Amino acid sequence: MSLHEECGVFGVYSPAPCQAAQTAYYGLYALQHRGQESCGIVVCNDGLFYSHKDLGLVGEVFSGEVLSRFPQATMAVGHVRYGTTGRNSRSNCQPIEVNHQKGRMALAHNGNLSNAAALRDELELSGAIFHSTSDTETIAYIITRERLKSPSIEAALDAAMDTLDGAYSLILMSPQKLICARDPHGFRPLCYGVLPDGSYVAASESCALRAVGAEFVRDLLPGEILVFSKNGMTSNRRHCGKCEKKLCVFEYIYFARPDSVIDGMPVHTARIKAGEILARYHPVQADVVVGVPDSGLEAALGYARESGIPYGIGLIKNRYVGRTFISPGQENRMSQVRIKLSPVVDCVRGKSVVLVDDSIVRGTTSGLIVKLLREAGAKEVHMRISSPPFLHPCYYGTDIDSREHLIACQYPMEQIAGVIGADSLGYLPVSELSQLAGSQGYCSACFDGSYPTMIPEDTRKDRFERKLSEITKSGNESEATTCQSNRTEN
């Protein structure tokens, strides 16, 4: 099991009609690393919404023909998804569109609400009917409920944020405005920039701004709401400073693209630092340092620089393995690893190798990569991990939902190297995470169990599907009982 990359959101607001869908397309391409399950784009042309959403990668879902069907528009909002709540289905594709008494909106969300189940129960008891099993629809309902009693869509979002708990970076499009919001803890990144023609662009990461030719302006503050409209940009900071900042530190270790800058810290620099720290805490005599593509490469470079051991390209990643690749069963997982990664034999044969990766979850994939290097002739393999051990589930968007899946919870630290077949193993110390995030606050709950919010009772990814199944089963049993009763009376 490997970690998955959250979601990515993108939005554009232009003073005049433009190729907004195409701009969103390029922005989503740059954010593809954050989600490969599904994607979607919704544009607004003079108050009319046009959309296309489906399962698959950006290049699969949006052909040239599909893009040509989008009209010129003043606004667009886009999304790439890896779902940490709700199954992978078309009903869970985003952006979510809502029609209500006061208009229409499209919503794209990155994150995970820690109080989603409680809010959904409350909404269902008041008569709400859900069409998906993601917590994004819960957010949409809360905003819609507030919109019916608020003077504007931004006021509705402001009021909704008093109810939402957990991680969310949002881009919301109404017929006249594009609105961005970041939760008060700032768990997930969100930034904006300006195109040469004066259009505004917002995205999960700064790499997407550069991809469309926009100049980065700044990150949204935790708790901030930005409104882009014909009147320019306005900022609402009522929710700012209410909570301690808790940016997910794993954005720097794994999620974000290395060419992005998040809250002032370049991701590339953070990963180099992680490797340097690993070299100081876990030195070893070796011939070459090799990184596991992609997010282990910078940390490997940092380890090499600090240790003086030569850096080598010892693993090549197949970049053409998309969602259409049919995954073998558990018993053939080695075949899957061979398809995705290939060792460079000349780099590792007969050598003692330092292998640097971003994390170990179950340990299965790490063990197979170690085996690949040994088959290629590596004399020794010393594993170094640029994050601390995962010991706790994450409730804010990272796909870690059970301690039973975590190798660090199943074995003592000194035994894990043997389980994965490595000669030695070293993790980044929890105490050194601040070196990656700079002086800002960060969330490290998956490593140390210090949660910034209340922990939900049910944390399973498919909890809403299970609930729906239980309701359906209960209804069927009730109907069967009624039919039996009728037959008895007759």
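Up top is the structure these notes are about.
Described in the following lines is the structure provided in the data block. Since the structure is predicted, the reported quantities are computational estimates derived from the model, not experimental observations.

This part covers helix H1 (residues 20-30). Within H1, 8 of the 11 residues are buried, which leaves it mostly tucked inside the rest of the structure. Taken together, the buried positions of H1 are Ala 20, Ala 21, Thr 23, Ala 24, Tyr 25, Gly 27, Leu 28 and Ala 30. Elements that come into contact with the buried residues of H1 comprise strand S1 (7-18), strand S2 (38-45), helix H2 (58-61), helix H3 (64-68), strand S4 (73-81) and helix H7 (206-211).

Turning our eyes to something else, we now look at the pairing of strand S9 (residues 191-194). Two strands pair when backbone bridges link them, and S9 and strand S11 (residues 215-219) are joined in this way by 4 bridges, in the antiparallel orientation. By the bridge assignment for S11, Gly 193 is matched with Phe 216. Pairing analysis gives 4 bridges linking S9 to strand S10 (residues 200-203), with the strands arranged antiparallel. Looking across to S10, one finds that Tyr 192 is bridged to Ala 202. The hairpin turn running from S9 into S10, its antiparallel successor, is 5 residues long, and Gly 198 in that turn takes a positive phi close to 95°.

We now examine helix H4 (residues 116-125). One turn of the α-helix equals 3.6 residues, which is why residues spaced by three or four share an orientation. Among all positions of H4, only Ala 116, Leu 119, Arg 120 and Leu 123 are buried. Projection of H4 onto a plane perpendicular to its axis shows the buried side chains occupying an angular sector of 100°, all on one side. Away from the buried face of H4 by more than 90 degrees, exposed residues Ala 118 and Leu 125 are located.

With that settled, the discussion passes to the side chain of Ser 206. By secondary structure assignment, the location of Ser 206 is in helix H7. Once residues within four sequence positions are removed from consideration, Ser 206 is found in contact with Cys 191, Phe 216, Asp 259, Ser 260 and Val 261.

This paragraph deals with the sheet that holds strand S8 (residues 178-182). Reading across from one edge, S5-S6-S7-S8-S12-S13 is the order of the 6 strands in this open sheet, with antiparallel pairing throughout. Taken across any chain shown, the strands that pair with only one partner, and hence form the sheet edges, are strand S5 (96-100) and strand S13 (232-236). The average undirected angle you get between the axes of adjacent strands in this sheet is 20°. Of the strand pairs in this sheet, strand S12 (residues 225-229) and S13 are connected by 5 bridges, and their pairing is antiparallel. In the strand pairing of S13, Ser 229 is matched with Gly 232. In the packing of helix H6 (residues 153-160) onto the sheet, the strands contacted are strand S6 (103-113), strand S7 (166-173), S8, S12 and S13, and the crossing angle to S8 comes to about 15°.

What follows covers the sheet that holds strand S20 (residues 352-357). The strand order S17-S20-S21-S22 describes an open sheet built from 4 strands, whose pairing is parallel. Every other strand in the sheet has two partners, leaving strand S17 (288-291) and strand S22 (424-427) as the edge strands with one partner each. Direction aside, neighbouring strands of the sheet carry axes that sit 20° apart on average. Two strands pair when backbone bridges link them, and strand S21 (residues 380-385) and S22 are joined in this way by 4 bridges, in the parallel orientation. Bridging across to S22, His 382 finds its partner in Ser 424. Set on the sheet, helix H13 (residues 364-375) makes contact with S20 and S21; between it and S21 the angle comes to about 145°.

The rules behind these values
Residues numbered from 1 in each chain as written. Predicted model: local features only at pLDDT ≥ 70, side-chain atom pairs only at ≥ 80, totals over all residues. Heavy atoms only, no water. Buried < 20%, exposed > 50% of the residue type's maximum accessible area, 1.4 Å probe, protein only. Helix = DSSP H or I, 4+ residues; strand = E, 2+ residues; numbered from the N terminus. Contact = heavy atoms within 4.5 Å. Pairing = 2+ DSSP bridges. Arc of directions from axis to C-beta. Axes fitted to C-alpha atoms, helices over the stretch in contact; angles between N-to-C directions.

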